[in-house]
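Coordinates in review
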Amino acid sequence: MMPNFASNLDALGQWRVATDAKLANLARFAREQDLLNDASAEWFEAMRHRLSGEKLMVAFVAEFSRGKSELINAIFFSDKGRRMMPASAGRTTMCPVELGYDDQDPVGLTLLPIDTRLEAASLAEFRRQPQAWTHITLDLSNPEGMAQALAEVMRTRLVSKDQAKLLGFWADERPEDNPPLLENDQVEVPEWRHARINLPHPLLKRGLVVLDTPGLNAIGTEPELTLGLLPQAHATVFILGADTGVTKSDLSIWRDHLSGPALARFVALNKIDALADPLSTPQQVEGVISRQCESVAQTLEIPPEHVFPISARQALAARLNGDAAGLRASRLEAFENALSEGLLPKRRQMLADSAIDGATQFRHQLVRRFGEMRRLHAEQLLELRGLRGKSTGKVQLMLQRVQAEATEFEQCTARLAAMRSVHARMLRGALIDLSSERVRQEVDVLGQVLGGSWLPLGAKKAFVELCSRLRLLIEQAQQRNDEIHSMLVASFAKLNAEFGFSLLAESQLDVRKYTEDLVLIERNYVQYLGLSQAFRLAQPGFQEQFRRMLVSRLRVVFETISNDIELWNKTASAQVDGQLRERRRNFKRRYESLDRIQSASNELDARLQEVQGQDERVLQLQTRLNTLVDELVAQAQSEVGLNGPAGASGGYAGAPELSKISLDLAGTNEVPEGA
Ligand SMILES: Nc1nc2c(ncn2[C@@H]2O[C@H](COP(=O)(O)OP(=O)(O)OP(=O)(O)O)[C@@H](O)[C@H]2O)c(=O)[nH]1
Ligand SMILES: [Mg+2]
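Residues numbered from 1 in each chain as written. Chains lettered and ligands numbered in written order. Predicted model: local features only at pLDDT ≥ 70, side-chain atom pairs only at ≥ 80, totals over all residues. Heavy atoms only, no water.

**As for the coordination of the magnesium ion (ligand 2)**
To be explicit about the condition: The donor set covers N, O and S atoms within 2.8 Å of the metal, switching to 3.2 Å for Na, K and Ca, and it leaves out water, so a site may look short of donors. Runs of H or I in DSSP of at least four residues are treated as helices and runs of E of at least two as strands, each being numbered from the N terminus.
Note on the magnesium ion (ligand 2): its protein donors are Ser69 (OG) and Thr93 (OG1). The metal-donor distances range over 2.0 to 2.1 Å. One end of the pair, serine 69, is in helix H3 (residues 68-76); the other, threonine 93, is in the loop between H3 and strand E2 (97-100), with 24 residues separating them in the sequence.

**A few points about the site of ligand 1**
Going by this rule: Think of it this way: one heavy atom of a residue within 4 Å of a molecule or strand is enough to make that residue near it. For this analysis, a polar contact is any N or O atom pair within 3.5 Å, provided that within protein one partner can donate a hydrogen and the other can accept it, and provided that sequence-adjacent residues contribute only side-chain to side-chain pairs. Residue exposure ignores everything except the shown protein chains as possible cover, and the areas themselves are Shrake-Rupley values with a 1.4 Å probe. In this classification, the charged set is Asp, Glu, Lys and Arg, the nonpolar set is Ala, Val, Leu, Ile, Met, Phe, Trp, Tyr, Cys and Pro, and all remaining amino acids, among them Gly, are polar.
Around ligand 1 there are 23 residues in total, and Ser65, Lys68, Thr92, Thr93 and Asp273 lie nearest to it. Glutamate 70 is positioned such that a nitrogen or oxygen atom in its backbone is 2.9 Å from an oxygen atom of ligand 1. Between serine 88 and ligand 1, the recorded distance is 3.1 Å, taken from a backbone N or O atom to an oxygen atom. Relative to its free-state accessible area of 640 Å², ligand 1 is covered by the protein chains to the extent of 94%. Listed by contribution, the elements that provide at least two residues to the shell around ligand 1 are H3 and helix H12 (312-321). A per-element tally of the shell around ligand 1 places H3 first, with three residues. Looking at the shell around ligand 1 residue by residue, the classes come out as five nonpolar, 10 polar and eight charged.

**Details of the sheet that holds strand E9 (residues 235-241)**
To keep it simple, the criterion reads: Two strands pair under a simple rule: DSSP has to find at least two bridges between them. Angular values range over 0 to 180 degrees, each being the angle between N-to-C directions of two axes fitted as lines to C-alpha atoms, with helices fitted over their stretch in contact.
Read from one edge of the open sheet, nine strands run E4-E3-E7-E2-E8-E1-E9-E10-E11, paired in mixed fashion. The sheet terminates laterally at strand E4 (134-136) and strand E11 (307-309), the two strands that pair on one side only. With strand direction ignored, the average angle separating the axes of adjacent strands in the sheet is 20°. Summarising the sheet, E2 and strand E7 (residues 192-198) pair through four bridges and their orientation is parallel. Bridge pairing in E7 places glutamate 98 opposite arginine 196.

**Quick word on the pattern of salt bridges**
The criterion, for reference: Any carboxyl oxygen of Asp or Glu that lies within 4 Å of a side-chain nitrogen of Lys or Arg is treated as forming a salt bridge with it.
By the definition in use, this model includes 39 salt bridges. A salt bridge links aspartate 115 to arginine 157, with the nearest nitrogen and oxygen atoms 3.5 Å apart. Residue aspartate 115 is located in the loop between strand E3 (108-113) and helix H4 (123-127), and its partner arginine 157 is located in strand E5 (residues 156-160); the two are separated by 42 residues in the primary sequence. Several salt bridges converge on common partners, so that one network encompasses Asp433, Arg438, Glu442, Arg469 and Arg480.

In structure tokens form, the structure reads like this:
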């Protein structure tokens, strides 16, 4: 039987814990042996944070009643013994629901009232204001009570048509999208703007975030969902009903919200059980399903094998009842498999690449440093051996020579200071146009150009111009860092020749690659400036929301570039500081040994042994470093162990894994530290 998403994510979680443990070993070794400079310490911390904390978001998007919530129940919550997320005919989930786990927050359900839409603050800003949210505690030992509490996400309220307009649920320009007008000109709107469920479920603890969205244009009326959350999702699952096929509104959701190429996209054709027909043979039903998949693929312009026919309801029921045949008939496992295979290995690969790259660079730096230390040891040994059988007068001469050499070497400090100040100035120049303030200014130009009247064509043009200005900023930063690189190469060559350093400029940094992120953001936002969106552009508050969302996404890109540049430059300077320190220490040691040899005739052998001992220690450090880096690389390259076939114990497929990872309140399923 096939492995499923739940158990594979669990395996990825274990891989992350194990890789982090190897990274921690390497960091501990470096710290204990005083081999860690600021730049490497920063890298270790950031990488460990990514390994342990980075979230994996899977978003479920579709028109209402296609079975998003039911599918989430079947994949993630069948261990609860009942249906957890409300799923029923008609509109059910009224607001976006984010399921995840953050141990800094209390367990439970938090809800942001819909009225907050009348304020300018964005969802991201409200996330930082706990008092704006309503908190409901969830009793984890009581699935019945939990399901009742989760029903909050269905809650609606009646408001006047004008109020609905202000809240963004009514637009006279698009009558076909408006909800029905009830008695006394009232409109039913969601009670909540956003819901977060914080649960110590093992999968969520491993960093999975599941986003359930409300259907029916609701996704379009919440710019934060479409501009903020969905583009950040690592995978999106688009769901269609086998009974309805691709309707006009399905198609517009697909085109408007799922066109981003960066996302791993999955299409599920749900409710295939509804195609069962007592008057047809199973082969005939099978034929109908295949034809439906083909026609869906054609309409969405994707390969037919990317459409997965499933029955979420059947799968949930089968898992709840331990019915292996029912689960097979639901075909859910093939879909779960595709989801995990399409997503998890990529995630692993990205994390593994970063960890391996960073650790390899770290090894290079240290190996260079060890080489330099050994070179100095060899020189010192040569000097000491030369003293055998020599008079005290000769030793005195040597002492003077060391002193003279040290004095001459110290002349490099003025040169280093000059280089540092040039470097600092150039670095400031490279970073200046990447600040949040600068990004905001650029975006503000957009507002000024449009002067409050965002007609689609003008807005689109101004936006595209903004994006090319931003690309230019990245290009400039790249060029400025290239100039720093050339300056360092030239200065290092001189310092090496004149003062015997062995400085090597890092390989060139590439920040141009972040232009791709910009292109992605551009593509994402530009669809909101099309003609078909004119009415939305005119909605009160939309422009402000658009601006805020844009600034916050751009800021992430520019901050990343800034951090990369800073880290690269820090690493380069750290090398100079390290070698300077090493050389000074070496002069001091040489002087002290000669001094002692001069005062006691039997000291020479002891000094020789001491330097040899130091050299051996460097060799040992190097061996240990190699072992630790090799172990890390081997662990990072190890395949995520797909959990093997289930059902051997006679249970239904998936049952053994799912029971292993069932809601784990005592934390007994935690992977042991350092596993
Ligand atoms: N026959 C059948 N019904 C299903 C299937 N999956 C879901 N349903 C039913 O379809 C209805 C809608 O399912 P939901 O999960 O609430 O749909 P949704 O996409 O979350 O809808 P909204 O929350 O309103 O956006 C419910 O009654 C489900 O039980 C399926 O595979 N087969
Ligand atoms: Mg739903």
